[in-house]
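Coordinate inspection notes
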Amino acid sequence: QGLSSGINAEYGDFVKLVSNDDHEFILKRSHALTSGTIKSMLSCPNSKNKEMHKVQFREIPSHVLCKVCMYFAYKNRYTNSTSEIPEFPIEPEIALELLMAANFLDC
């Protein structure tokens, strides 16, 4: 549920997250705001609404940031849902890195 049919959407509706290995993830701003840290970073008073906001994470590798973005979409989809909520899959080999990222991102 990242970049949808919104080619004509304002850049302000999307956020670009960049991992420490320079992979870029473009997702809906509303999804990124799941993170308290990102929310604080994007609340800069002198940012322009028509620009796409870019947030660089020097400590988060792409395989972890990808999973974080997937979680944002999952959280957005199932918050206030009345249907059964499926388990969010986390591979054991990235669990520790993901926990550290989630702690930093406040999500």
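Residues numbered from 1 in each chain as written. Predicted model: local features only at pLDDT ≥ 70, side-chain atom pairs only at ≥ 80, totals over all residues. Heavy atoms only, no water.

Moving on to the layout of surface pockets. Its boundaries defined by the atoms lining it, the largest pocket holds a volume of some 180 Å³. Around the largest pocket, the lining residues are Met 41, Gln 56, Phe 57, Arg 58, Glu 59, Ile 60, Pro 61, Val 64, Glu 97, Met 100, Ala 101 and Phe 104. It is helix α4 (residues 95-105) that provides the largest number of residues to the lining of the largest pocket, a total of four residues. Class assignment of the residues belonging to the lining of the largest pocket gives a composition of eight nonpolar, one polar and three charged. (1 Å grid on protein atoms, 1.4 Å probe; cavity = no way out; pocket = protein on both sides within 12 Å on 5 of 7 lines; lining within 4 Å. Points joined across faces, edges and corners; volume = space filled by probe spheres on them. Helix = DSSP H or I, 4+ residues; strand = E, 2+ residues; numbered from the N terminus. Nonpolar A, V, L, I, M, F, W, Y, C, P; charged D, E, K, R; others polar.)

The subject of this paragraph is unusual backbone geometry. Notably, Asp 22 is not glycine yet its phi reads approximately 65°, a positive angle. Here Asp 22 lies in the loop between β1 (14-18) and β2 (24-28). The residue Asp 106 is not glycine, and still its phi comes out positive at about 55°.

For α4, the complete set of buried residues consists of Leu 98, Ala 101 and Leu 105. Buried positions in α4, seen along its axis, are confined to an arc of 65° and lie on one side of it. Counted as exposed and oriented over 90 degrees from the buried face of α4: Leu 96, Leu 99, Met 100 and Asn 103. Of the surrounding elements, those touching the buried residues of α4 are α2 (36-42) and α3 (62-78). Note on α4: the residue one or two positions beyond its end, Asp 106, has a positive phi of about 55°. (Buried < 20%, exposed > 50% of the residue type's maximum accessible area, 1.4 Å probe, protein only. Arc of directions from axis to C-beta. Contact = heavy atoms within 4.5 Å.)

In this structure, β1 lies alongside β2, joined through five bridges in antiparallel fashion. Looking across to β2, one finds that Val 15 is bridged to Leu 27. The hairpin formed by β1 and β2 contains five residues between the paired strands, and Asp 22 there has a positive phi angle of roughly 65°. (Pairing = 2+ DSSP bridges.)

Any functional reading would require information that these geometric values do not contain.
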